[in-house]
Structures are given as C-alpha cells and as structure tokens.
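Per-entry structural report
Spelled out, the chains give:
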Amino acid sequence: MIKTNQHNLIFNPNLKSQKVACPKCSGERKNKADKSLSVNAEKGVFHCHHCGWSGRIDGWAPDLTEYQKPKRSNWTPLGDAASVFLKSRGFSIETIQKNKLIQKKFGKDDFIGYPYFIPNEKEPVNIKWRGVGPKEFRQEAGTYRVLYNITLWGETDELIWVEGENDVIALNECGIWNVTTLSDGAINENDQSIDGKLKSLHNSFEWIKHFRSHILAGDGWPRKKAQGGVD
Ligand SMILES: [Zn+2]
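Overview of the structure. (Residues numbered from 1 in each chain as written. Predicted model: local features only at pLDDT ≥ 70, side-chain atom pairs only at ≥ 80, totals over all residues.)

1. Topic: the overall build of the chain
Looking only at helices and strands, the chain features six helices and 13 strands. Scored against the burial criterion, the 231 residues of the chain give a buried share of 26%. Counted over contacts in the chain with a minimum sequence separation of 6, partners at least 24 positions apart contribute 52%. (Helix = DSSP H or I, 4+ residues; strand = E, 2+ residues; numbered from the N terminus. Buried ≥ 20, exposed ≤ 12 C-beta atoms within 10 Å, placed from the backbone. Contact = placed C-beta atoms within 7 Å.)

Okay, here's the thing in structure tokens:
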C-alpha cells in the first residue's frame, strides 16, 4: 500500500516527520536513493535539502487514496506466443527487457504485462495487460495511474505522445526514449467523462511539467477508420 498526493511525494502519513527521496532532483543525482526531502506529515509541509523544493501537501486538496500495488501472482517471463507477437512488431530482446515486459494467464489466455514505474519505486505501480491473441486490455482496479515509461525518459525537453505501450516500444526500438502514452486509452468523441482517462496525466504532472514541447503522434483516427483502416 502506498500513499501519495499531487506532488508525487510518497510518504507514511502516520509518521510525523520523515525523509524520502525527492521526486524533483533525485533522478539527476549520483545517489538516487538519497533521502534529501523532509516531510512533516503533521503540518503538511515538505522541503528538499538538496534542490530547495518546498511546499504544502494539503494546499492541493490532497489525494490520500490508498492505492493498491499490482498483485504479484503468476507473473512469468515471456512465453513463446508473446515473444512471437512482440518479435512480429520488430521489437528486439534488449528493448523488451528495458521495458521489463512480463506475462500472465487470465483463464486460458496469455496476456503480456506492460509495467508502469515511477521514480524511487522498485515495484511497478500499475500493469497494463494485453491479450496475445484477441486485442483485449486489463488493468487492476485501485492501482496508481501514471504515464508509461516515465523512468526511461532521457534528458530532453521534448515529449512525444503516442497511442499505446506498443507504439512507445516501437519508438524505443528506433532509439527514441522521450515517449509516452496514457494508461487508460485515448479520449474519443463518445466519452461521457474524460476524468478517468486523464488520471495518468494528472498524476504525472510533476514529471512532465519541465518539457517545453509536446509532440502528439496519434494514429490518424478517424480519417484512417473512414478509409477502412484498423486501429
Ligand atoms: Zn530535491
């Protein structure tokens, strides 16, 4: 169980005072595990002794939901069918390993797992499962939704947005790592509410706000659909 909030600070709200790794500066530091950020959970304030970042936790209408970590059950390395599927996309073993893809059976069907990581957390906070056969997606309820590939973004001020984890990995295969996708699919014209679909964007704000430009590289829908294409 983790607790978080709009600053992406992960801390124990029951401890009055504690030190955690700073989501702002730890990624750029040699000792990435250094706990340079003090959190006072009682007063709701925090301060990083390295980069000076400070603020209030409760000033943002804090989200103190108890998010679930994906249940570690029956995860396996990729099997033959999954490997054939990924190879047919042109993905190399090296790129697949960097994305830490795994596999799991739901009933009789094999699903490929795309883990979602955030800085300073070894275990994935969410996993998107895609059927190897039918194009079917699953995510566990109650997991913390963030953008895909955050921990693999390079040093750049440009972020490329594509439609789905496989499109991210396709660009990774081409040597492009500053690329991402939403976790809950693209917004379309029939959506009644877009809040749920944008949760991963909202929760990732601290990690994307330094990007100066954003390139939207969609699938060209609906024009492609009209031409009889598939998505
Ligand atoms: Zn810092």
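2. Things to note about the nonpolar core
Judged by nonpolar contacts, the single largest core of 24 residues is most densely connected at I112 and V146. Apart from the residues lying within four places of it in its own chain, the contact partners of V146 are Y116, I118, V125, N126, S183, S200, N203 and S204. In terms of nonpolar packing, the next biggest core, distinct from the first, is built from ten residues, A21, C22, L37 and F46 among them. (Core = buried A, V, L, I, M, F, W, Y, C linked by C-beta atoms within 7 Å.)

3. Here we look at the environment of K35
By secondary structure assignment, the location of K35 is in the loop between β2 (17-20) and β3 (37-40). Residue classification places K35 among the partly exposed positions, given that 16 C-beta atoms sit within 10 Å. Residues in contact with K35, not counting those within four places in the same chain, are K19, V20 and A21.

4. Digging into the sheet that holds strand β13 (residues 213-216)
In spatial order, the strands read β12-β11-β13; together these three strands make up an open sheet with parallel pairing. Each edge of the open sheet is held by one strand with a lone partner, namely β12 (179-180) and β13. Of the strand pairs in this sheet, strand β11 (residues 158-161) and β12 are connected by two bridges, and their pairing is parallel. Looking across to β12, one finds that W161 is bridged to T180. (Pairing = 2+ DSSP bridges.)

5. Digging into the sheet that holds strand β7 (residues 102-106)
Ordered by their spatial adjacency, four strands build an open sheet running β7-β8-β9-β10, and the pairing between neighbours is antiparallel. Only two strands of the sheet have a single neighbouring strand rather than two, namely β7 and β10 (137-139). Strand-to-strand twist of the sheet, defined as the mean angle between neighbouring strand axes without regard to direction, takes the value 30°. Sheet analysis places strand β9 (residues 126-131) next to β10, joined by three bridges and oriented antiparallel. In the strand pairing of β10, R130 is matched with F137. (Axes fitted to C-alpha atoms, helices over the stretch in contact; angles between N-to-C directions.)

6. A short note on unusual backbone geometry
One non-glycine residue with positive phi stands out, namely K100, at about 55°. Here K100 lies in the loop between α2 (93-98) and β7. Among the residues examined, K100 registers 14 C-beta atoms within 10 Å and is labelled partly exposed. The phi dihedral of N149 falls on the positive side, at around 80°, and the residue is not glycine.

7. What about helix α3 (residues 165-173)?
Looking at α3, one finds that the buried residues are E165, D167, V168, I169 and N172. Looking at the buried residues of α3, the elements they touch are α2, β8 (109-116), β9 and β12.

8. Let's talk about the environment of E158
Of note, E158 is situated in strand β11. Between the C-alpha atoms of E158 and I215, which are 57 residues apart in sequence, the distance is 7.5 Å. Once you skip the residues sitting within four places of it in the chain, E158 turns out to touch N178, F211, R212, S213 and I215.

9. Looking at the pairing of β8
Sheet faces and side chains relate simply in a regular strand, where the side chains alternate between the two faces. For β8, the buried fraction is high: six of the eight residues fall into the buried class. Inspection of the sheet shows β7 paired to β8 by five bridges, in the antiparallel sense. Following the sheet pairing, Q103 is matched in β8 by I112. In sequence, β7 turns back onto β8 through a hairpin of two residues, with G107 there showing a positive phi of about 65°. Here six bridges tie β8 to β9, and the two strands are oriented antiparallel to one another. Within β9, the position partnered with Y116 by the bridge is N126.

10. Digging into the pairing of β3
What you see with β3 is a clean split: L37 and V39 sit on the buried side and S38 and N40 on the side with no burial. Looking at chain direction, β2 and β3 are connected through four bridges and run antiparallel. What sits directly across from Q18, in β3, is V39. Here four bridges tie β3 to strand β4 (residues 45-48), and the two strands are oriented antiparallel to one another. Looking at β4, one finds that L37 is bridged to C48. Linking two consecutive strands that pair antiparallel, namely β3 and β4, is a turn of four residues; a positive phi of about 75° is found at G44 within it.

That's the geometry; what it means functionally is another story.
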